[in-house]
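# Geometric and topological summary
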Amino acid sequence: MRKEVCWLALLLIALLGAMAVTDQLEQPPALRSQSAPGEFDSTRAKLRLAFILGDQQPHPADSAADDQVRARLVMTLRQMGVTPIVRDELACNELYKQRGVSCARVRNIIAVLGPAGGKAVLLNAHYDSTPVGPGAGDDGIGVATLLEVAAKLKERTLKRPVILLFNEGEELGLVGARAFLADPLSRNVDSLINLEARGVRGPVNMFETSRPNSVPISIFAGAVENPIANSLSTDVYRLLPNYTDVNSFAERGWLTLNLAPIGNETRYHSPGDDIAALDPDTLQHMGDQTLALTFALANGKPNAAAGDSIFMDVAGRALITLPFTIGAGLLIGLLLGFAVLALRRGGLLQSGAIIGGTLVGSTILSWLLFELIGAVRHGMFWRAHPIWTHLTIHAATIFVGVVLLTMIAGSLDRRRLRPTFWLILLTIGAAIGLIAPGGIIFFIFPPLVAVAGIFASRWWPRAERLGSYAAILFLYLTWGAMLGLLEELLNGGPMWVFAPLGGLLILPILVEARPLIVGAGLRAGAAVAGIFTLLSVAAVVSVPAYSADRQQRFVIQHVSDASAHKSWWSVLNDSAPLPKDFDGQWKRGALPFSDRPRWISQAPFNLAAKAPSAQLLSQVKAGDERTLTLRLFANGNERIELIGPSDARLRSAGVEGFVRPIDHTEDGKYFIDCFGRSCDGATIQLTIGQLKPVRFLALGSKSPLPPSAAPLIASRPRFARPQYNRDESITFARVNL
Ligand SMILES: [Zn+2]
């Protein structure tokens, strides 16, 4: 084999290796073997959490299991010498990014540290879990952090009060946060640190702040030693359907910092979210940050709101911040500068075809490859080993880049390709900035370094190439780390989005390697890159889809329509075919209460199944609105839902003191939800914006499944578990209100 081909093969292996470890660029710092006095001690924090979670049962709000968790939490606080206040309230909160209201009896645990007077810092975490899992990460990590931070705060004098809020009912719709806002103590708060989790490992990201963000960001940058935060992910988060207590707290305008780990979402809201899986490094990272931020906030006073900043960390070592206006100015200046340079050096059309063609071509090729792989592999086949899927995409990008570079190269040298690459990167940065303004931070410094090299090359010719190398290294440390984060965050797909995102990192390296690639020639270059792509595809096709750690989502439900005397078995999974030995005739479909596609098979009607009911106590009409007072009857269910059609025009709903508006800028069905023992017999108020009766589904759910589910449970695949929904019995009936 020719020398160039060998070198090219080695280079591509190194490049793919670098792309494979982008997720390692940002990790929590290694655990200390011993914490110094005054430092956050994650070992102690985890021991407390293990005690509080006890036998690690799911403990949703107002359940017997949550009573036990609360009792142990209160006991722990007392043993620490902290006096807890328990507030008990039947409360409701509006749903966010959805139409509806959710209610539950919640018992918030509050403790106040430091001086009695003055504006307070609120530290918030929730101690309830979802009904699906033990919630060691979500939000046990927050509870454990708050307790250990409290232990450290007690050792020091504080200038301002610190309120610890262990709220209940976050998982049901931020009900505990709403109840706290009705508490007089909340009027004293001016800053908030919120602790959450969407995973069990990896670094703890600071992913949301109040706006304008300059003040919270400067406090964060000053206090935190290993910052993992950037203004692209804060903007991306706002576009996602996820929400936290901060959504409810936001109306008070507190200075806010929101922290959460996102590593390994396959355990989130599942029985896999357990103590053993919770990484102590992650807990340590959250603890160190929360302690430092609390001291900074409790010993100073947040300044008045200033402007907006854009920011990013460099490999978790330092935080770069810029005022947004300066960042935007730099981006536009660089864009114009590189446009002039690219035009002057010539060949813009061909170099544009190579760069743009690689970004577009790799996206199409990745999409095509995964369509083909989808013919033989079903569901989330990348779940256990996503790395091979990512490598396939990056190898495909390299393949397209190598082919285009050798085909179109002609008289193009690196001097012409470089400015075009940076010009296209800046254009993409500007486009991202239109949707997520904070995103431009990633697109300023690498081209700035590159342009400095080009400028210096007037006096020292090698400066341009060295500047280019430095720019690529900086791009890798920042954009590469962001790519690792996005691969974790968008793990549900579609996977082809990582082609153009990864292409921005791969392309400048291919540009610098152009002499080698052209030297190897089209056939040899394409063959080498093609072989790497095929090898990755072979790995994607052959590695197991699920593992003990990263299991398949698999929810078994028994559903009964009490009005029509019908029952079904339902399986919610990643749409992969069911195991062959799974009893029954299964087909894909939807059920009356949800449009979500699922596996369904007929079941004998369960005579014992009872839907919840609502008794109309009174109705008051005003104009074209009517307000109903209803008494709910659970009839043995743990959860009661009234589901209204999308034209129901519900205006508000709730219990006394907590009648909440319903967001009708959203679309879809309406949900009035009540969870827990106190819903049976509860009185709710419902305002409907029309006089004619509305046909609701009254839906109840409870665990466990009926005994007839035993064969299905037994044949659930080995590496599969419920996630987001629990195994449960659902019964519904139609009611006109
Ligand atoms: Zn949570």
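Up top is the structure these notes are about.
A quick note: this is a predicted structure, and the numbers were derived from the prediction, not measured.

Our focus in this paragraph is the coordination of the zinc ion. Coordination sphere of the zinc ion, protein contribution only: His-126 (NE2), Asp-138 (OD), Glu-196 (OE) and Glu-196 (OE), at 1.9 to 2.6 Å. Considering all four donor atoms around the zinc ion, the spread of angles at the metal, 52 to 138°, places the coordination shape in the irregular class. Motif for the zinc ion, donor spacing along one chain: H-x11-D-x57-E. Taken together, the residues Asp-138 in the loop between strand S3 (120-126) and helix H4 (140-153) and Glu-196 in the loop between strand S5 (189-195) and strand S6 (201-209) connect sequence positions 58 residues apart. Here Asp-138 matches Glu-196 in class, with each residue buried.

Checked against the element boundaries, Thr-358 lands in helix H11 (residues 348-376). It is 51 Å that separates the C-alpha atoms of Thr-358 and Ala-61, two residues lying 297 residues apart in sequence. Here Thr-358 is in contact with Ala-353, Thr-397, Val-400, Gly-401, Leu-404 and Leu-507, once residues within four sequence places are set aside. Of note is the side chain of Thr-358, whose polar atom sits 2.6 Å from the backbone oxygen of Ile-354.

Sheet architecture is open: five strands sit in the order S14-S15-S20-S17-S18, paired in antiparallel fashion. The open sheet has two edge strands, strand S14 (613-622) and strand S18 (658-661), and neither has a second partner. Ignoring which end each strand starts from, the neighbouring axes of this sheet average 20° apart. Examined bridge by bridge, strand S17 (residues 650-655) and strand S20 (residues 683-688) share four bridges and lie antiparallel to one another. Bridging across to S20, Leu-650 finds its partner in Ile-688.

Our focus in this paragraph is the side chain of Asp-235. Along the chain, Asp-235 turns up in helix H7 (residues 231-239). Residue classification places Asp-235 among the buried residues on the basis of a relative accessible area of 5%. If sequence neighbours within four positions are ignored, Asp-235 has contacts with Arg-211, Ala-436, Pro-437, Gly-438 and Gly-439.

About the thresholds
Residues numbered from 1 in each chain as written. Predicted model: local features only at pLDDT ≥ 70, side-chain atom pairs only at ≥ 80, totals over all residues. Heavy atoms only, no water. Donors = N, O, S within 2.8 Å, 3.2 Å for Na, K, Ca; no water. Tetrahedral: all angles 85-135°; square planar, octahedral: opposite > 155°, others 65-115°. Helix = DSSP H or I, 4+ residues; strand = E, 2+ residues; numbered from the N terminus. Buried < 20%, exposed > 50% of the residue type's maximum accessible area, 1.4 Å probe, protein only. Contact = heavy atoms within 4.5 Å. Polar contact = N/O pair within 3.5 Å; in protein donor to acceptor, adjacent residues only side chain to side chain. Pairing = 2+ DSSP bridges. Axes fitted to C-alpha atoms, helices over the stretch in contact; angles between N-to-C directions.

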